[in-house]
Amino acid sequence: MGTGDALTLLALTPRETEQAFERLGARPFHARIARAQVFEHGALDYAAMSALPKELRARLAEELPIASGSEVDRRVAADGTTKLLLRFPGAKAVDVETVHLPPSTSGKAATLCVSSQAGCPVGCPFCASGLLGLARNLESAEILEQYVRGRALGALSRSVVMGMGEPLLNYERLARALDVVHDEMGLGARAITVSTVGFPDRLRRIAPTKPRFQLAISLHTPDQEQRDLLVPAMRGVPLAEIVAAADDWFEQTGREVTYEYALLGGCNDSAGHAERLARLLARRRASVNLIPWNPVESAESSPWKRPDEAGVERFRSTLAARGIVATVRWSKGVEADAACGQLRLRHAAPAS
Ligand code: SAH
Ligand code: SF4
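Right, let's walk through the structure included here. (Residues numbered from 1 in each chain as written. Chains lettered and ligands numbered in written order. Predicted model: local features only at pLDDT ≥ 70, side-chain atom pairs only at ≥ 80, totals over all residues. Heavy atoms only, no water.)

1. Overview of the overall build of the chain
Looking only at helices and strands, the chain features 11 helices and 12 strands. Within the chain, the fraction of its 352 residues that count as buried is 56%. Taking the intrachain contacts of the chain between residues at least 6 apart in sequence as the baseline, contacts between residues at least 24 apart amount to 65%. Split by element, the accessible area of the chain, about 14,900 Å² in all, is 51% carbon and sulfur. (Helix = DSSP H or I, 4+ residues; strand = E, 2+ residues; numbered from the N terminus. Buried < 20%, exposed > 50% of the residue type's maximum accessible area, 1.4 Å probe, protein only. Contact = heavy atoms within 4.5 Å. Areas by Shrake-Rupley, 256 points an atom, 1.4 Å probe, with all protein chains shown as cover.)

The following block contains the structure:
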């Protein structure tokens, strides 16, 4: 795998794992047993793998650790939402958040929300990750480790790549990790959602590769000038081009695209915005997720407020009257969250 990966089991392909095991005097089937324990049960050390000879377990622990990261903090909310803060040493040590939403909070399915980068270079002013900037990309193994640690908290039926970072700016590493999640953890393409600000050229490059996930595009406004401010790294990229790339995505992959719209009170939540959004998305089967803004701590002099329920409902029904189905994602489990402005229950995609 990537040259930057530390030598851990998570950094290896199934074949490479067998080879590494053979170098340590083990048999290929031992490697398969170990990988099954890791991906199907969330095992993070060899000690409890009783199907492996004891002596081999000790040698593996020395020579081929499973993962490189460590858990530095864990918050559990009253509703069971668990936020993990993970530290990855790598080229530069970084802390990254992963959130596990138990079935009771996210509908029928246990959902894991993972990060694709440490921080984010896109710079959206309403988002905690945007305010931090990018620390570094995550390696495939580091993305995968979030899944394994999430699995250790309980069975997973869905996953959303909606944590820190912009997935399309670290796409190759993400795609490699998601292939393992699909093949060895058994999460189907419909159970994985990747959320992006929607770089059209990248979407057009990725669609023909038949990616095995659902796509969500963060739109946030129907007005070009306002989008340039809300999603700074996309300045000048026409909204119409993003929507056109999403249409092509649907055509090529056969999977419908969802649009996300963070509702910033007093900014993008007027009736006019809803009307123009409906016009932008007219005549396509597009569903919209409305995410009432979660105030970000460090944005002290924030020009926005969290919209109230009545305002959100007005926005939703204005869209509905124009044929656009929108679902509101109120955050719960907020008490699990100390610093991050986004890793929250609202990210749980519908339990379809
Ligand atoms: N970078 C990707 C994925 C991570 S963010 C993206 O932007 O799509 C996932 C979603 O949460 C995005 O729609 C994002 O705009 C939204 N979001 C981020 N911070 C938020 C906040 N404080 N309140 C509400 N939504 C937020
Ligand atoms: Fe990055 Fe997404 Fe946050 Fe924007 S909303 S700064 S793209 S993580």
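Here the narrative resumes.
2. As for the environment of Arg279
Along the chain, Arg279 turns up in helix H10 (residues 271-280). Classification of Arg279 by relative accessible area gives exposed; the value is 60%. The spacing of Arg279 and Gly323 is 44 residues in sequence and 9.9 Å in space, taken between C-alpha atoms.

3. Points about the pattern of salt bridges
Scanning the model with the defined rule gives 19 salt bridges in all. Across the salt bridge formed by Arg35 and Glu184, the nearest N and O atoms sit 2.8 Å from each other. Highlighted residues: Arg35 in helix H2 (residues 28-41) and Glu184 in helix H6 (residues 171-184), separated in sequence by 149 residues. On the accessibility criterion, Arg35 (4% relative accessible area) is buried. Of the charged contacts in the structure, one is a salt bridge between Arg204 and Asp248, with a shortest N-O distance of 2.8 Å. Of the two residues, Arg204 is situated in helix H7 (residues 200-206) and Asp248 in helix H9 (residues 239-253); the sequence distance between them amounts to 44 residues. Residues participating in the shared-partner salt-bridge network are Arg15, Glu18 and Arg32. (Salt bridge = Lys/Arg side-chain N within 4 Å of Asp/Glu carboxyl O.)

4. Focus on unusual backbone geometry
Located in the positive-phi region is Lys210, a residue other than glycine, with phi close to 50 degrees. Turning to its location among the elements, Lys210 is positioned in the loop between H7 and strand S9 (214-218). Of note in the backbone geometry, His220 takes a positive phi value of approximately 75 degrees without being a glycine. Along the chain, His220 turns up in the loop between S9 and helix H8 (224-230). Residue classification places His220 among the buried residues on the basis of a relative accessible area of 7%.

5. Concerning the environment of Cys124
Among the structural elements, Cys124 can be located in the loop between strand S5 (117-119) and helix H4 (128-132). On the basis of relative accessibility, which here comes to 10%, the residue Cys124 falls in the buried class. Put simply, Cys124 and Ala233 are 109 residues apart on the chain and 8.2 Å apart in space, counted from C-alpha to C-alpha. When near neighbours in sequence (up to four residues on either side) are disregarded, Cys124 contacts Gly130, Leu131, Leu230, Val231 and Pro232.

6. A word on the site of ligand 2
Lining the immediate surroundings of ligand 2 are nine residues, of which Cys120, Val122, Cys124, Cys127 and Gly130 lie closest. The residue inventory of the shell around ligand 2, partitioned by class, reads five nonpolar, four polar and no charged. (Near = heavy atom within 4 Å. Nonpolar A, V, L, I, M, F, W, Y, C, P; charged D, E, K, R; others polar.)

7. Quick word on the nonpolar core
For soluble globular proteins, nonpolar side chains are generally found buried alongside one another. Membership of the largest hydrophobic core comes to 97 residues, with the highest contact counts inside it found for Leu10 and Tyr46. Tallying contributions element by element places H6 first for this core, with seven residues. Two domains each provide a minimum of three residues to this core, namely domain 1 (9-63) and domain 2 (70-348). Grouped together as the second largest cluster of nonpolar side chains are six residues, Leu101, Cys113, Val160 and Met162 included. (Core = buried A, V, L, I, M, F, W, Y, C linked by side-chain atoms within 4.5 Å. Domains from an automatic or database assignment.)

8. Some thoughts on helix H11 (residues 309-321)
Relative to the 18 Å expected for 13 residues at 1.5 Å per residue, H11 spans 18 Å between its end C-alpha atoms, a close match to the ideal helical length. Here H11 has its buried residues at Gly311, Val312, Phe315, Thr318 and Leu319. With its buried residues spanning 125 degrees around the axis, H11 presents them on a single face. Opposite the packed face of H11, turned more than 90 degrees from it, sit the exposed residues Glu309, Arg314 and Ala321. (Expected span 1.5 Å × (residues − 1). Arc of directions from axis to C-beta.)

The analysis is restricted to geometry; functional conclusions fall outside its scope.
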